[in-house]
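Tertiary structure, described
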Amino acid sequence: MMLSARSGNVAARVGTCWDVIVVGAGPAGSAAAIAAAAGGLKVLLVERAAFPRYKVCGCCLNPSSLAMLRHCGLDLGASDLGVELSAVHIRAGGRAVRLALPGGRALSRERLDAAFLDVVRARGVRVTTRTRAEIGNLTKGMRRVRLIGVEGEIEVSARLVILASGLAVPERQGGARASIPMLARVGLGRVLSSVPAGYERGTVTMAAGSDGYVGLVRLADGRLNVAAAVSATALGKRGAAGEVVDTILQQVGLPRIGAPDGWRGTPRLRARRPPVRGVRVVAVGDAAGFWEPFTGEGIGWALQSGQSAGDAARQLAGHWSPRLARRWARVQRRRMRRLQLRSRMVSAALARPRLVEIGLGIAAWRPRMIDWLVPGGGAASAPEEGSS
């Protein structure tokens, strides 16, 4: 059904009937689209933003995430995208420790998502950006989706809709509110062209303070990517994101970054979303529930979630069964809980800087005791000069 005088242009460019429509072109959505297309399905990928676009993200990829990207067709090593990572530097209170971090890379989300989208297009997926998706009614076994873009509006249909819209839930799919667990924080992000001394290329710096924690990493062009998870209460008291971040850095003895404005934020982190119950609709990645990742695991979780949905798309789209969809979602939740166990533990500890400080003291004494902290990481170093 055409919805505006200009929608004929959209119909000619997009088409109106699809096996799978994926909403969101981040890592989860792109992986889902690639996997579904590999199964012989006709796939449309819809993205609200114009690419490249900034995302609040730590910008770190661990070896398992890089391996999954290679499986999807994006080899960052071969394309020489990003910066190789060798260590993670963690500070809390008066303690500091370094862990080896072999095989990781730092890459901005602008460059990662744009490069991944090129792979998606090369796999035969139709892509439309600057287009908002609204999930509509079920008609004759097809899910209706309204696409609203700069060229007009149109209703299209799909045998399966995969929601990969991140922390934002598309219209008509919000339903019940996501529950916010205790210790939930908000995300902050900023990229700095002027970098204070002390933040080395190839090293991820993590600072845990009383108001939250901050991760900093140098990008390929020399800029410094800053991503933080901070207490909403602290943000309200201090009134400025830059002040909260600088306070955390000062508490652990790291240089202030002095960026009072230009910060981007996220909704509250660690949202437990209610299960998606729409017929012929499944959710992947952060749209299915979010937990603060650690040292490059978040993108890996998204890739695994998206690929799983793409692999199952032929079966889910062909003969939709609520029982089959519930079973698939249940298996996914169990798998993600296992993958996120370490990160959940670390994230909870980071809300208690004194506990982190004690842990770093143990690491300086028995380095191997916290090797599990960093996936694929090596032993911690001796304590740094000046730490106690």
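Before any of the text, the structure's been laid out above.
First, a word on scope: everything that follows refers to the structure included in this document. Just so you know, these numbers come straight off a predicted model, no measurement behind them.

Parameters at a glance
- Residues numbered from 1 in each chain as written.
- Predicted model: local features only at pLDDT ≥ 70, side-chain atom pairs only at ≥ 80, totals over all residues.
- Heavy atoms only, no water.
- Helix = DSSP H or I, 4+ residues; strand = E, 2+ residues; numbered from the N terminus.
- Buried < 20%, exposed > 50% of the residue type's maximum accessible area, 1.4 Å probe, protein only.
- Contact = heavy atoms within 4.5 Å.
- Areas by Shrake-Rupley, 256 points an atom, 1.4 Å probe, with all protein chains shown as cover.
- Salt bridge = Lys/Arg side-chain N within 4 Å of Asp/Glu carboxyl O.
- Polar contact = N/O pair within 3.5 Å; in protein donor to acceptor, adjacent residues only side chain to side chain.
- Disulfide = S-S within 2.5 Å.
- Pairing = 2+ DSSP bridges.
- Right-handed = clockwise from strand over helix to strand, strands pointing away.
- Arc of directions from axis to C-beta.
- Axes fitted to C-alpha atoms, helices over the stretch in contact; angles between N-to-C directions.
- Left-handed = near helix turned anticlockwise from the far one by under 90°.
- Nonpolar A, V, L, I, M, F, W, Y, C, P; charged D, E, K, R; others polar.
- Parallel < 35°, antiparallel > 145°, perpendicular 65-115°, else oblique.

Now for the overall build of the protein. Helix and strand counts for the protein come out as ten helices and 15 strands. Expressed as a percentage of the 388 residues in the protein, the buried residues total 53%. A separation of at least 24 residues holds for 72% of the contacts in the protein among residues at least 6 apart in sequence. Roughly 16,900 Å² of accessible area belongs to the protein as shown, and the carbon and sulfur atoms make up 51% of that amount.

Inspection of the entire model under this criterion finds nine salt bridges. The partner of Glu155 in a salt bridge is Arg144, with the nearest N and O atoms 3.5 Å apart. Of this pair, Glu155 sits in strand β9 (residues 152-163) while Arg144 sits in strand β8 (residues 142-149), and the two are eleven residues apart along the sequence. The class for Glu155 is buried, based on a relative accessible area of 16%. Shared partners join several salt bridges into a network, and the residues in it are Arg53, Arg109 and Asp113.

Mapped onto the fold, Asp221 is located in the loop between β12 (212-218) and β13 (224-230). The class of Asp221 is exposed, set by a relative accessible area of 51%. Sequence spacing of Asp221 and Ser108 is 113 residues, and the spatial spacing of their C-alpha atoms is 10.0 Å. Within polar-contact distance, the side chain of Asp221 engages the side chain of Arg223 at 2.7 Å.

All right, on to the state of the cysteines then. On inspection of all chains with the given rule, the structure shows zero disulfides. Cys57 carries a free sulfur, and the closest cysteine sulfur to it, the one in Cys59, is 4.8 Å from it. The structure places no disulfide on Cys60, whose sulfur is separated from the nearest cysteine sulfur, that of Cys59, by 7.1 Å.

What follows is about unusual backbone geometry. Residue Pro52 is bonded to the preceding Phe51 through a cis peptide linkage, with omega at -5°. Among the structural elements, Pro52 can be located in the loop between β2 (43-46) and β3 (60-61). Phi at Asp80 is positive, roughly 60°, even though this residue is not glycine. Residue placement: Asp80 occurs in the loop between α4 (76-79) and β4 (83-92). Even without being glycine, Arg280 reaches a positive phi, approximately 65°.

On to the pairing of strand β1 (residues 17-23), then. Burial of β1 is extensive: six of the seven residues sit out of reach of the surface. Pairing of β1 with β9 involves six bridges; the strand directions are parallel. Each bridged residue has a counterpart across the sheet, and for Val23 the counterpart in β9 is Leu163. Tracing the backbone out of β1, into helix α2 (residues 27-38) and back to the parallel element β2 gives a crossover that is right-handed.

Moving on, we get to helix α3 (residues 63-72). Among all positions of α3, only Ser65, Leu66, Met68, Leu69 and Cys72 are buried. All buried residues of α3 project into a common sector of 160° when viewed along the axis, lining one side. Residues of α3 that are buried sit in contact with α2, β3, α4, β5 (95-106), α5 (109-122) and α8 (297-318).

For the pair α3 and α8, interaxial distance at closest approach is 8 Å and the crossing angle is 35°. Here the hand of the crossing between α3 and α8 comes out left-handed. Counted together, Ser65, Met68, Leu69, His71 and Cys72 of α3 and Ile299, Gly300, Leu303, Gln304 and Gln307 of α8 form the full contact between these two elements. By residue class, the composition of the contact of α3 with α8 is five nonpolar, five polar and no charged.

What follows covers the packing of α2 against α5. Two elements in contact, α2 and α5, have axes separated by 10 Å at closest approach and are oriented at 10°. Relative to α5, the element α2 is oriented roughly parallel. For the pair α2 and α5, the sense of crossing is left-handed. Residues Pro27, Ser30, Ala31, Ala33 and Ile34 of α2 touch α5, and the partners they reach there are Arg109, Asp113, Phe116, Leu117, Val119 and Val120. When its residues are assigned to classes, the contact of α2 with α5 shows eight nonpolar, one polar and two charged.

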